[in-house]
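Coordinates in review
Chain by chain, the residues:
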Number of protein chains: 2
Amino acid sequence: MKYTKRTFPLDEIRRFVEPGPIVLVSSAWKRQINIMTMGWHTMMSFSPALIGCYIWPENHSFEMIRKSKECVINIPTVELADEVVGVGNTSGGDIDKFATFGLTAVPAAKIGAPLIAECYANLECRVADTRLLKRYSFFILEVVKAHAPAASTYPRTLHYRGGGVFMVSGKSVSFRKKFKPQNL
Amino acid sequence: MKYTKRTFPLDEIRRFVEPGPIVLVSSAWKRQINIMTMGWHTMMSFSPALIGCYIWPENHSFEMIRKSKECVINIPTVELADEVVGVGNTSGGDIDKFATFGLTAVPAAKIGAPLIAECYANLECRVADTRLLKRYSFFILEVVKAHAPAASTYPRTLHYRGGGVFMVSGKSVSFRKKFKPQNL
């Protein structure tokens, strides 16, 4: 499935990130492109749009992101569950994951790492801070460009529970009227 | 609703944290106890069990946690949606949130901050690292004791999308057989 995307406001990307979905991280280094599955990430700031994330140093992507200082956080939906599991179970040191899992690499606007076309949203990121990298393998990324559908619906995302089990995002409930405007 | 909880293995708390629920953070300082709603957090390590989280310095809880070096991350279920919104909309500088929202403070085992009895799981945390506090308002917490039901079911959690809208966690899907054991 592919989506018609527009440039998405950076200060609104929390709607994709804060609910905690599993994401696919794409990277590029020395003419190789790669993908990894990632579940340990969080919003850290609206503006600049910062995302913190843990990446295991054993992952092939770790050095690609560290050296290129760029990556894309792609938000897959439940239709991509097999690809999410397959990407997480394999190494970019052994295979071309785009080819193996039939995913389409699309050039990004501001960085060298590719977008994954089949994902609902794509967040182009530059590494903004590496001070926690050595001790915690924790990257602080700045989102510099976001692509997502304009529709007001929400994607059905996958959320990892460990042990091979994913939770699929359920219904949305609005409490808008109960919130103070500054707390929305 | 209250749950019968046991001591939960620290290296398994990712099942509650990684899917990205909104959480209630309880703290204590100088005989005051308080609660805040938090959505920006991530697992950072299994062992020690580390959770990184952003807390807005304007929150009354920020200084309470910074000074006491402790807090509890409580996992509420959908039945507590009104309390989650209410806690997020008010300040502990103005009201006693436990009393206002009818929540029960239970003594923790290892720290001074109280557990919230009505929540599905409770993670007692000590502040482990403050090096990102000044620049990013980001605490690194070590979970030192966890309480949760032994049942193999999963809680129906709330996940914040912004704009007053929550996603309620949906069905679980197992891909256990497709995972390599080391990747579970």
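On a predicted model such as this, the values are computed, not experimentally measured, just so you know.

Regarding the relation of the copies chain B and chain A
Between the two copies, chain B and chain A, the superposition gives an RMSD of 0.0 Å; the rotation angle is 180° and the shift along the axis is 0.0 Å. Taken together, the rotation and translation relating the two chain copies correspond to the operation of a two-fold axis. Taken together, the interface assignments show that 100% of the residues at the interface of chain B recur at the interface of chain A, consistent with an identical surface on both copies.

What to know about helix α2 (residues 60-68) of chain A
All names here are of chain A. Within the sequence span of α2, burial applies to Ser61, Phe62, Met64, Ile65 and Ser68. Considering only its buried residues, α2 is in contact with β2 (23-29), β3 (32-38), β6 (70-75), β9 (121-129), α5 (133-136) and β10 (138-148). The positive-phi residue at the C-terminal boundary of α2 is Lys69, with phi of around 65°.

Thoughts on empty space enclosed by the protein
One pass over the structure, following the stated rule, counts two cavities of 30 Å³ or more. Together, 16 residues line the largest cavity, and Gly20, His41 and Thr42 of chain A together with Gly20 and His41 of chain B are the ones closest to its centre. Only β4 (41-45) of chain A together with β4 (41-45) of chain B provide two or more residues apiece to the lining of the largest cavity. Here the lining of the largest cavity is built from residues that sort into six nonpolar, eight polar and two charged. Its volume calculated, the second largest cavity comes out at about 30 Å³. Forming the walls of the second largest cavity are Arg15, Phe16, Pro19, Pro21, Pro155 and Thr157 of chain A together with Arg161 of chain B. Along the lines of polarity and charge, the residues of the lining of the second largest cavity split into four nonpolar, one polar and two charged.

A few points about the pattern of salt bridges
Applying the stated criterion across every chain yields a total of ten salt bridges over all chains. Measuring nitrogen to oxygen at the nearest pair gives 2.9 Å for the salt bridge that ties Arg131 of chain A to Asp129 of chain A. On the accessibility criterion, Asp129 of chain A (8% relative accessible area) is buried. Lys178 of chain A is the salt-bridge partner of Asp82 of chain B, the closest N and O atoms lying 2.7 Å from each other. Pair noted here: Asp82 of chain B is in helix α3 (residues 81-89) and Lys178 of chain A is in the segment after β12 (165-174), and the two residues belong to different chains. The partly exposed category is assigned to Asp82 of chain B, whose relative accessible area is 43%. Classification of Lys178 of chain A as partly exposed rests on a relative accessible area of 48%. Bridged by salt links that share partners, the residues Glu63, Arg66 and Lys67 of chain A form one connected network.

A look at the layout of surface pockets
There is about 1100 Å³ of room inside the largest pocket. Every residue lining the largest pocket is counted, 42 residues in all, and those nearest its centre are Gln182 and Asn183 of chain A together with Thr37, Trp56 and Asn59 of chain B. Sorting the residues of the lining of the largest pocket by element identifies α1 (14-17) of chain A together with β3 (32-38), α2 (60-68), α3 and β11 (158-162) of chain B as the ones contributing at least two each. The class makeup of the residues in the lining of the largest pocket is 16 nonpolar, 16 polar and ten charged. Computed from the structure, the second largest pocket encloses a volume of approximately 820 Å³. As for the second largest pocket, its lining consists of 36 residues, and the residues nearest its centre are Thr37, Trp56, Asn59 and Gly88 of chain A together with Asn183 of chain B. Looking at the lining of the second largest pocket, the elements with two or more residues in it are β3, α2 and α3 (81-88) of chain A together with β4 of chain B.

Reading the values: rules and limits
Residues numbered from 1 in each chain as written. Chains lettered and ligands numbered in written order. Predicted model: local features only at pLDDT ≥ 70, side-chain atom pairs only at ≥ 80, totals over all residues. Heavy atoms only, no water. Least-squares fit on C-alpha atoms with pLDDT ≥ 70 in both. Contact = heavy atoms within 4.5 Å. Buried < 20%, exposed > 50% of the residue type's maximum accessible area, 1.4 Å probe, protein only. Helix = DSSP H or I, 4+ residues; strand = E, 2+ residues; numbered from the N terminus. 1 Å grid on protein atoms, 1.4 Å probe; cavity = no way out; pocket = protein on both sides within 12 Å on 5 of 7 lines; lining within 4 Å. Points joined across faces, edges and corners; volume = space filled by probe spheres on them. Nonpolar A, V, L, I, M, F, W, Y, C, P; charged D, E, K, R; others polar. Salt bridge = Lys/Arg side-chain N within 4 Å of Asp/Glu carboxyl O.

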